Structure formats: C-alpha cells, structure tokens
Amino acid sequence: MKKILSLLATIMILSLTACGGSPESGNDSSGGSGNDSDGSPVYTLKMTYTISGGETVAKCAQEMAENIKARTNGGLILENYPNGELATDTDALELCAQGANVITFGTPDFLTAYVPDLGVLDGPFLFSDPSEFAKVDQSDWMSGMRAQLESQGIKNIGMSWLFGSRHLTYSGSKPVTGPADLKGMKMRSASSATRVGMMEAMGATVTQMNWSEVYSALQQGICDGCEAPLSTLYNSKIYEVCKNITLDGHILAIWCVNMSNDVFNSLPAEYQEILLEEVQNMGPVTIERVTADEAEYQAKLEEQGVVFYEGDYEAFSEATRSVYDSIPDWSAGLYDTVSAVIKG
C-alpha cells in the first residue's frame, strides 16, 4: 500500500509540475506545455535512471538531451534525474504507463511485466557482440513487441544502447571460475524470471532486491555478491564490500529507452522525429564508449584492491542454456526466433 501511495504521489507531483506554467517544466501527459520567452511551447521530459549520472552510458543520455535541446531550439527539454532520485526502474515504467512526462532508461527485463517475451533480450550469452542489438531493434519482431507495449501505455523508442558486459562480483576468499563455485553463495538478482533463472542455473542461491538496496545488503551479509557491468560496480562503490570479480560476460546488456505513449503522441511531429533520431544516433556511440571504458574501469577497480578472475565462458554458457526453455510466460520457440533475427 505504501508503494502504491508513493507512486500516486509521484504522478501527482509530475502533473502539478507540468501544469504549473513554468517555461522550464512544461509538459504533462495530456500534451500541455509551458512557454518560453517568445511564447513558443516548451515540452519537458524527466529523464530517470537508477545508476550514477557519472557512468559512461548515463553521460551519453545527458549528451543526447543536449543534442535534442539544440535541435529543437529549447522546445524539448530532458531534465536529468540519476541515482533513482525520481523512481525505481519498475516505478518509472509504471509512471510511463500512467501517462507521466517521464523518459526512463533501463534493461529489458523490467519490461517483462508488460510484455514477457522481452525478457529474452536480457538472457545469458544471447548476443556475441553489441552491434547485434541494432538487428533486434530494427526487426519486425521488435515492431510486434513495441505494439504490445503501446497497447499498455508504454512507448519504446530504443533498444540498441549498450549498458555494458555484466560480470560477477562477490566477497570472501574463494575465486569463482565456474558454476560449481557458486553453489551455496547468495547472489543478488533483479526480480525478473530471466535473471533469477540465470543465477539459479549458475548454481547460486538467489536474493531478489532493487539495485538501491544492494550495497547495504552486501555490507550486512544478506547476500554474498551480485552481477553488473564494471562501470556500475565502480560508480556504486561495490568494491568497498566485494573484492572479487569474475569476468564471465554472462550478459551483453541493452539499455533501452521508454516513455509514455500518450506523451510521445502529444509532442509535435518534428520533435517526435528528432527524439527518435537522437536515441538511434546514440546507440553506436554508447557501444564505442562503454566498450572502450571497460579496461579503464578494470584498472580503477584493481587500484581499489579488487582481484579479477577469468570465468569459464563455455561452462557458464552451457549451464544457463536451460533458462530459455524454463520461462512459462514466453512464446513457444522464442529463443530460436530471436536467435534467427540476430544471425540474419
């Protein structure tokens, strides 16, 4: 009940902010807007994500916002809310579904509450290279997924940004190099069937929680480890409580971009086109920058006393292949369908 009331309060705040007439906070779900000094309408989206604003992919989002502001002459503004300041990943999508003026960034597993099949994109060892994201993003299959999201109020405007290659991190003195080493370890997972199934297939005991709770849970011994890209592990200071990282790259993680379908449709057609173009243009940029920065983040983590181990890629891949056959809500043959898109 407290969570529901909190979400309703956030929606009311966004609506009140949007309707206040301020030139800098002008758009609501009904397409209302403020005006700038010459009377032109100004549309505002509140850009929310749960990671640090200092992460490479978050900086890309901020750069995109500046590009959009420039191309629209200040007519479309994306305000920056990092670190879950505005909402959790789950609540941000609910805000979108309810018609709030929010644009949210996150991994596809959070979309499974609306379209279960999208969980496959967060599956283990699905992609061999992030350049393959674009094939999915531009596919007929993804068009069908977007139609299902739109019927529930959510507009997906991008599925090709690279969040990073996800790796295991954990406390203790025992290295983890294969599934057998995870037996008995309590590992944090996001609350999605794909992630939970993956960690269980790897041999771990799963503890589900929001990312904002992970540091304290590791510190208190509620869980022994978690998994995330190196940039997130560094910027969230997970290295203070976990001194081991196994480089297994179990997920090449997409960072997808979503907003309210009603709000998107309320924007002028020119702004819709610019928004879609800038999201697409930033996809290859995230791949280049996030990939280049991974070596830098490894060096930074080593400076903090983190010890790195190489994971047995083939062993982890083989152990987790069963995940794709174990999700009851997925369409029949989903893994084969998406694999064909990627290979095509």
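Notes on the structure in this doc start here.

So, about the overall build of the chain. Looking only at helices and strands, the chain features 12 helices and 10 strands. For the chain, buried positions account for 55% of its 344 residues. Intrachain contacts of the chain at a sequence separation of at least 6 include 73% that bridge at least 24 residues. For the chain, the accessible area works out to roughly 14,100 Å², and carbon and sulfur atoms hold 49% of it.

Turning next to empty space enclosed by the protein. Under the criterion given, the structure shown has two cavities of 30 Å³ or more. In this model, the largest cavity occupies a volume close to 80 Å³. Contributing to the lining of the largest cavity are 13 residues, with Phe163, Pro229, Ser231, Val290 and Tyr297 lying nearest its centre. If you list the elements that add at least two residues to the lining of the largest cavity, you get helix H2 (56–71), strand E5 (154–170), helix H8 (230–235) and helix H10 (269–303). For the lining of the largest cavity, the element with the most residues is H10, which contributes four residues. Broken down by class, the residue content of the lining of the largest cavity amounts to six nonpolar, four polar and three charged. Its volume calculated, the second largest cavity comes out at about 40 Å³. For the second largest cavity, the full set of lining residues is Asp89, Leu93, Thr104, Gly106, Thr107, Phe110, Leu111, Cys256 and Asn258. Elements supplying a minimum of two residues to the lining of the second largest cavity: helix H3 (89–97), strand E4 (102–106) and strand E9 (244–260).

So, on to the pairing of strand E3 (residues 76–81). In the sheet, strand E2 (residues 41–48) pairs with E3 via six bridges, with the strands oriented parallel. Along E3, the bridge assignment pairs Thr48 with Tyr81.

Right, let's get into the state of the cysteines. Put plainly, a disulfide is one covalent bond tying together the sulfur atoms of two cysteines. The full count for this structure, using the stated rule, is zero disulfides. Residue Cys223 stays outside any disulfide, its sulfur separated by 6.8 Å from that of Cys226, the closest cysteine. The buried category is assigned to Cys223, whose relative accessible area is 2%.

A few words now on the pattern of salt bridges. Scanning all chains against the criterion turns up 12 salt bridges. We note a salt bridge from Glu63 to Arg289, for which the minimum N-O separation is 2.7 Å. Within this pair, whereas Glu63 is found in helix H2, its partner Arg289 is found in helix H10, the two being separated by 226 residues in sequence. Of the residues examined, Glu63 reaches a relative accessible area of 31% and is grouped as partly exposed.

All right, on to the nonpolar core then. Ile103, Phe105, Leu118, Leu121, Trp141, Trp161 and Leu275 are the most contacted members of the largest nonpolar core, which has 82 residues in total. Setting aside residues up to four positions removed in sequence, Leu118 forms contacts with Pro108, Leu111, Thr112, Trp141, Met142, Met145, Leu149 and Met159.

Before going further, it helps to examine the side chain of Arg188. With respect to the helices and strands, Arg188 occurs in strand E6 (residues 186–189). Although buried, Arg188 forms no salt bridge, and the nearest oppositely charged side chain, Glu227, lies 4.7 Å from it. Separated by 3.0 Å, the side chain of Arg188 and the backbone oxygen of Met209 make a polar contact. Ignoring any residue separated from it by four or fewer positions in sequence, one finds Arg188 in contact with Thr207, Met209, Asn210, Trp211, Val214, Cys223, Gly225 and Cys226.

In this structure the tally under the stated criterion is 13 aromatic pairs. Note on Phe125 and Tyr313: the rings are 4.8 Å apart at their centroids and 85 degrees apart in plane angle, and the pair reads as edge-to-face. With Phe125 in the loop between E4 and helix H4 (133–137) and Tyr313 in helix H11 (residues 313–320), this pair connects stretches of sequence that are 188 residues apart. Each residue in the set Tyr49, Phe105, Trp161, Phe163 and Trp255 is aromatic and connected to the rest through ring pairs, giving one cluster. Directly above the ring of Tyr297 sits Lys300, whose terminal nitrogen or CZ lies 5.0 Å from the centroid. Across the ring face of Tyr335, the terminal group of Arg321 is positioned such that the distance to the ring centre comes to 4.1 Å.

Within helix H12 (residues 334–343), burial applies to Leu334, Val338, Ser339, Val341 and Ile342. Down the axis of H12, the smallest arc covering the buried residues is 155 degrees, so these residues share one side. In H12, the exposed positions that point more than 90 degrees away from the buried face belong to Asp336 and Lys343.

Regarding helix H6 (residues 193–201), the residues found buried are Thr194, Arg195, Val196, Gly197, Met198 and Met199. Looking at the packing, one finds that the buried side of H6 touches E5, E6, strand E7 (205–208), strand E8 (225–229), E9 and H11. Once H6 finishes, Gly203 follows within two positions and takes phi at roughly 110 degrees, a positive value.

Once that is clear, we can look at the pairing of E9. Counting buried positions along E9 gives 17 out of 17 residues, so the element sits mostly inside the fold. Examined bridge by bridge, E4 and E9 share four bridges and lie antiparallel to one another. Paired with Phe105 across the strands is Val257, a residue of E9. In terms of strand pairing, E5 meets E9 through 12 bridges, oriented antiparallel. Following the sheet pairing, Gly164 is matched in E9 by Ala253. Pairing analysis gives four bridges linking E9 to strand E10 (residues 307–310), with the strands arranged parallel. Bridge pairing links Asn244 to Val307 in E10.

Criteria and thresholds
Residues numbered from 1 in each chain as written. Predicted model: local features only at pLDDT ≥ 70, side-chain atom pairs only at ≥ 80, totals over all residues. Heavy atoms only, no water. Helix = DSSP H or I, 4+ residues; strand = E, 2+ residues; numbered from the N terminus. Buried < 20%, exposed > 50% of the residue type's maximum accessible area, 1.4 Å probe, protein only. Contact = heavy atoms within 4.5 Å. Areas by Shrake-Rupley, 256 points an atom, 1.4 Å probe, with all protein chains shown as cover. 1 Å grid on protein atoms, 1.4 Å probe; cavity = no way out; pocket = protein on both sides within 12 Å on 5 of 7 lines; lining within 4 Å. Points joined across faces, edges and corners; volume = space filled by probe spheres on them. Nonpolar A, V, L, I, M, F, W, Y, C, P; charged D, E, K, R; others polar. Pairing = 2+ DSSP bridges. Disulfide = S-S within 2.5 Å. Salt bridge = Lys/Arg side-chain N within 4 Å of Asp/Glu carboxyl O. Core = buried A, V, L, I, M, F, W, Y, C linked by side-chain atoms within 4.5 Å. Lys, Arg positive; Asp, Glu negative; His and termini not counted. Polar contact = N/O pair within 3.5 Å; in protein donor to acceptor, adjacent residues only side chain to side chain. Phe/Tyr/Trp six-rings, centres within 6.5 Å; stacked < 30°, edge-to-face > 60°. Lys NZ or Arg CZ within 6 Å of the ring centre and 35° of its normal. Arc of directions from axis to C-beta.

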